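Descriptive structure summary
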Number of protein chains: 2
Amino acid sequence: MQEMVKVAVDAMGGDFAPAEMVKGAVDAAMLRKDIKIYLIGQQELITKELAKYSDQGTQIQVIHAPEKIETAEPPVMAIRKKKQSSIVLGMNMVKEKKADAFVSAGSSGAILVGGQVIVGRIKGVERPPLAPLIPTAQGVSLLIDCGANVDARASHLVQFAKMGSIYMENVLQVKNPRVAIVNIGAEEEKGNALVKETFPLLKNYPDINFVGSIEARDIPSGQADVIVCEAFVGNVILKLYEGVGATFLSLVKQGMMETVRSKAGALLVKPALKKTLKAFDASQYGGAPLLGLNGLVVKTHGSSKAKEVTNSIIQCVTFKEQEINEKIRANIGISPIDGE
Amino acid sequence: MQEMVKVAVDAMGGDFAPAEMVKGAVDAAMLRKDIKIYLIGQQELITKELAKYSDQGTQIQVIHAPEKIETAEPPVMAIRKKKQSSIVLGMNMVKEKKADAFVSAGSSGAILVGGQVIVGRIKGVERPPLAPLIPTAQGVSLLIDCGANVDARASHLVQFAKMGSIYMENVLQVKNPRVAIVNIGAEEEKGNALVKETFPLLKNYPDINFVGSIEARDIPSGQADVIVCEAFVGNVILKLYEGVGATFLSLVKQGMMETVRSKAGALLVKPALKKTLKAFDASQYGGAPLLGLNGLVVKTHGSSKAKEVTNSIIQCVTFKEQEINEKIRANIGISPIDGE
C-alpha cells in the first residue's frame, strides 16, 4: 500500500474559515485517497462544518486548538505565547514528523516566523523564501522571495534561484526552468547594489538555467519560470499584480455597463471572457510554499476559498512524492559562493 | 504681453521620432500661443516633417544636432562624448536658461545623467527623482522616485515626498495631497530597513499630508496622491503596471474573440469599453518630470506618440507658471533632518 501523505490544515485561518477550509479538506480527501488530513482549530466549529458532508472515515481527523492567532498580532510574540493556537500546533506536527506539511490561510507574519522558529531550516539554507506561483499569459511563474526575508543578501538570492528551479522542475514539471532576476533594465550593469552583486553569481552557478535580468514589464507575459528577487520587491510585485488586475477588471465591468448597447454586448461576451480571465486566477495553483524548511509549510491567500485549500493540499502530496526537500538538501549544501 | 515659455524638444528620441515628436510640437504650438518650441535634431529630417504642417511662424525653431544618443549606449559616456547630440544640446539650453524645459523620449539613462551633470541640482536637493504620473481608478498618482537613484537613503525619500507634494498641489491642483510610502504591510513596524528609517521622518515632517504606508495592492485604486519609494521599487511598480495592464487587455480581447456569441457582443461593448479604459492610459498626462533640477527636464515614454509630446510640452508651461522650482528651492533648504 502507498504511504499516506499527512497534511495538517489550519481550519481557523483566513477570511472564510472554518467553512471553506473544511470544505477544501473534504474535497481534497475525496480526490485523493492517499492523503490523511488533520483539521486544526476549534473542535466544535470544525465538527459542525464536517457534519455537512458525508463521513470521510479516518481520512480526516480533527485536532482541537483552543487558541487563535489574529492577523494583526505581532508575529514573534504570537508564536511564542499562543502555544495552543492552530498555527503553532500545526507547525509542531510538521516539526515532530507527525505531518508532512502544514497549510494555512492565517497571519502571514506568524506563518513565516513559525516556519523558521518551529519547523526550522534545512541545514545550509540561509533563509527560507516564500514562493507563490503567479499567473502569466503562458501559464505560471514562481516568484521567489515574496515576503519572508527583507534586506536579503546576494547569497540568499542564489539559493532562492536553486530552490525555485527544483520546485518548478519537479512540482510543476517545467523542464530546465528559466531563471531570471528582477531588474530595472536588461543590461548586466543595470540595477541596485544587491542585483549587481547577485547577477554574476547566478551567471556562474553551475546547474541553473539563468537567462539574465527580467524587467517587471515582462513578468506577466511569462518570460521566465523562476523570478528571483528580494522579498520587499517580491511583495510589491505580488500585491500590485492583484491590485492592477482588480482595478482593471472593475474598469472593464464598468465600461460594459456604460450604455444600453454595451450592456447588451456584455451579456454575450461574459461567458467567454470569464473563461479566459480564469487563466489569470492564482487560486487554481494552490498556495505559496515556504521553501527550505525541514518539512513543508504552505501559505494560502487570506481570502482562500475551498478550491485553493484543496489545491494546496494536493500540492503537498506532489511536494512529498517528488522529494523536494531531499533535493534541496542535496543541492544547497554545495554552494559555489562559499565553496563548501 | 505674457512671457513666452521656451521648451526644447528632442526631435530624435523615441520609437516614433522624428515624425511624432514634430507633430506633438506643432499641436502644442497650435494650442498655446505662449510657447516657443525648439526642435532639436537632424535639421533635414525635422524640416521635412515640419513641411507637412502649415507654417508656425516663429513659434517653432529648428536647432541642428548632428549626433544622436542611442538607447543602448552607456549613459555617462554618451553624455560626455556626444556634445552635439540632441540630448546634450537640449540640456545645455536649459542650463544656459535659453530654454525653460527640455522634453525627450530618448535614452532614460542619458536623460537622468544629463539632468544631474549638465542641468544640475537645485541647492539643497540631494537627488533629483523621476516622477511619472500613473493612472488610478480615481485619476492619477505621482510615483516618486522611479528610476533616477537606486539605493537611496531616507533623507532622499523625505525630499521626494516634499517635492512630490509641491508638484501635485500646484501642477495637478490636488489640494493637500496624500503622501504615502510604499510598504509591505500597513503597520508602522513593517518594512525593510530603508522604509523603517524613513517612516518616522515622514510622520514628523511639518507640512506634508503623510497618510502612512501604502501596499502595492492599493496603488491602482488611488489611495494616495504622492507615492514615495526608492527608485528600484518605483521602476518595478511602473513597469509592472504597464505589463499587467497589457497582458490583461490582451486576455480581454482574446476572450471576446473566443466564440461567435462573444464576437457579436464585442462589437457592442467596444466603444464604451474603450472610453473607460482610456482613463488607464498614462499618455494623456504627459511625461515624467525629473524634479529638483535648475530647470525642467521631462522624460516621456520611448513609445510616445504626438499626444504625449504635446501634453508634456504643455505640462512644462504649467510647471513654469506655477513656479515649481522656486517652491522647491524655498522648501527643500529647510530640512527637518539636518535641522538647517
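First things first, this report covers the structure right here in the doc. Just so we're clear, the structure is a prediction, and the values are computed from it rather than from any experiment.

Some words on the pairing of strand β2 (residues 35–41) of chain A
All names here are of chain A. Along β2, seven of the seven residues are buried, which leaves the element largely enclosed by surrounding structure. The alternating pattern of β2 places I35, I37, L39 and G41 and K36, Y38 and I40 on opposite faces, both of which are buried. Of the pairings in the sheet, the one linking strand β1 (residues 5–10) to β2 comprises six bridges and is parallel in character. Considered in β2, the bridge of V9 is made with L39. Crossover β1 to β2 through helix α1 (residues 19–31) is right-handed.

What to know about the side chain of E308(B)
Along the polypeptide, E308(B) turns up in helix α10 (residues 306–321). A polar contact of 2.8 Å, which involves the side chain of E308(B), links it to the side chain of H301(B).

A closer look at the relation of the copies chain A and chain B
Take chain A, turn it by 180°, move it 0.0 Å along the axis, and it overlays chain B with an RMSD of 0.1 Å. The superposition operator between the copies reduces to a two-fold rotation axis. If distances are taken from each C-alpha of chain A to the rotation axis, the shortest is found for G265(A), at 2.0 Å. Of the interface residues in chain A, 100% have counterparts in chain B that sit at the interface too, so the contact is made through matching surfaces.

Section: helix α2 (residues 43–50) of chain A
The α-helix winds at 3.6 residues per turn, so residues separated by three or four positions along the chain end up facing the same way. Residues and elements named next belong to chain A. Regarding α2, the residues found buried are I46, E49 and L50. Buried residues of α2, viewed axially, fall in a sector of 100°; they line one side. Away from the buried face of α2 by more than 90 degrees, exposed residues E44 and K48 are located. Buried residues belonging to α2 abut α1, β2 and β3 (60–64).

Let's talk about the interface of chain A and chain B
Between chain A and chain B, the contact holds 53 residues from the first and 53 residues from the second. Roughly 5,000 Å² is buried in total at the junction of chain A and chain B, and carbon and sulfur atoms are behind 75% of that figure. Contact with chain B buries area across many residues of chain A, yet I184(A), F232(A) and F248(A) alone supply 14% of it, more than any other trio. Seen at the junction of chain A and chain B, the total is four salt bridges. Between E215(A) and K239(B) there is a salt bridge, and its shortest N-O distance comes to 2.3 Å. Taken together, chain A and chain B are joined by 10 residue pairs in polar contact (both at pLDDT 80 or more). Elements represented by at least two residues in the side of chain A that touches chain B include exactly β7 (178–183), α7 (193–203), α8 (231–256) and α9 (260–278) of chain A.

With respect to α9(A)
Its 19 residues give α9(A) an end-to-end C-alpha distance of 26 Å, which sits within 8% of 27 Å, the value for a rise of 1.5 Å per residue. Along α9(A), the helix axis deviates most sharply at V269(A), where the bend reaches about 50°; the proline P271(A) sits within four residues downstream. Looking at α9(A), one finds that the buried residues are S262(A), G265(A), A266(A), V269(A), A272(A), L273(A), T276(A) and L277(A). As for α9(A), its buried residues are in contact with α8 of chain A together with α8 (231–256) and α9 (260–278) of chain B.

Topic: the pairing of strand β4 (residues 101–104) of chain A
Consecutive residues of a regular strand have side chains that alternate between opposite faces of the sheet. Residue and element names in this part refer to chain A. Side chains A101 and V103 project from β4 onto one buried face, and the interleaved F102 and S104 project onto a second face that is buried too. As judged from the three bridges shared by β1 and β4, these two strands associate in the parallel manner. Bridging across to β4, A8 finds its partner in F102.

Observations regarding the nonpolar core
Side chains of a nonpolar character, in soluble globular proteins, are inclined to be buried together. Among the nonpolar cores identified, the biggest contains 182 residues, and I37(A), L39(A), I219(A), I37(B), L39(B) and I219(B) are the most heavily contacted of them. The residues touching I219(A), leaving out its near neighbours within four places in the chain, are I134(A), T136(A), V182(A), I214(A), I227(A), I237(A), Y241(A) and L240(B). If you look at the next biggest cluster of nonpolar residues, it comprises 27 residues, including Y38(B), V88(B), I118(B) and L130(B).

Points about the sheet that holds strand β4 (residues 101–104) of chain B
Strands belonging to one sheet form pairs held by backbone hydrogen bonds; the direction of such a pair is parallel or antiparallel. Residue and element names in this part refer to chain B. Across the sheet, which stays open at both edges, the six strands sit in the order β3-β2-β1-β4-β11-β10 with mixed pairing between neighbours. In this open sheet, the two edge strands, each paired with only one partner strand, are β3 (60–64) and β10 (288–290). Averaged over all pairs of adjacent strands, the angle between strand axes in this sheet comes to 25°, irrespective of strand direction.

Focus on the state of the cysteines
Residue and element names in this part refer to chain B. This structure, assessed with the given rule, holds zero disulfides over all chains. Free of any disulfide, C146 has its nearest cysteine sulfur in C229, 6.2 Å distant. With a relative accessible area of 2%, C146 lands in the buried category.

Each value, and the rule that gives it
Residues numbered from 1 in each chain as written. Chains lettered and ligands numbered in written order. Predicted model: local features only at pLDDT ≥ 70, side-chain atom pairs only at ≥ 80, totals over all residues. Heavy atoms only, no water. Buried < 20%, exposed > 50% of the residue type's maximum accessible area, 1.4 Å probe, protein only. Helix = DSSP H or I, 4+ residues; strand = E, 2+ residues; numbered from the N terminus. Pairing = 2+ DSSP bridges. Right-handed = clockwise from strand over helix to strand, strands pointing away. Polar contact = N/O pair within 3.5 Å; in protein donor to acceptor, adjacent residues only side chain to side chain. Least-squares fit on C-alpha atoms with pLDDT ≥ 70 in both. Contact = heavy atoms within 4.5 Å. Arc of directions from axis to C-beta. Buried area = accessible area lost by both parts, 1.4 Å probe. Salt bridge = Lys/Arg side-chain N within 4 Å of Asp/Glu carboxyl O. Expected span 1.5 Å × (residues − 1). Bend = angle between axes of the 7 residues up to and from the residue. Core = buried A, V, L, I, M, F, W, Y, C linked by side-chain atoms within 4.5 Å. Axes fitted to C-alpha atoms, helices over the stretch in contact; angles between N-to-C directions. Disulfide = S-S within 2.5 Å.

Keep in mind these values describe shape, not function.
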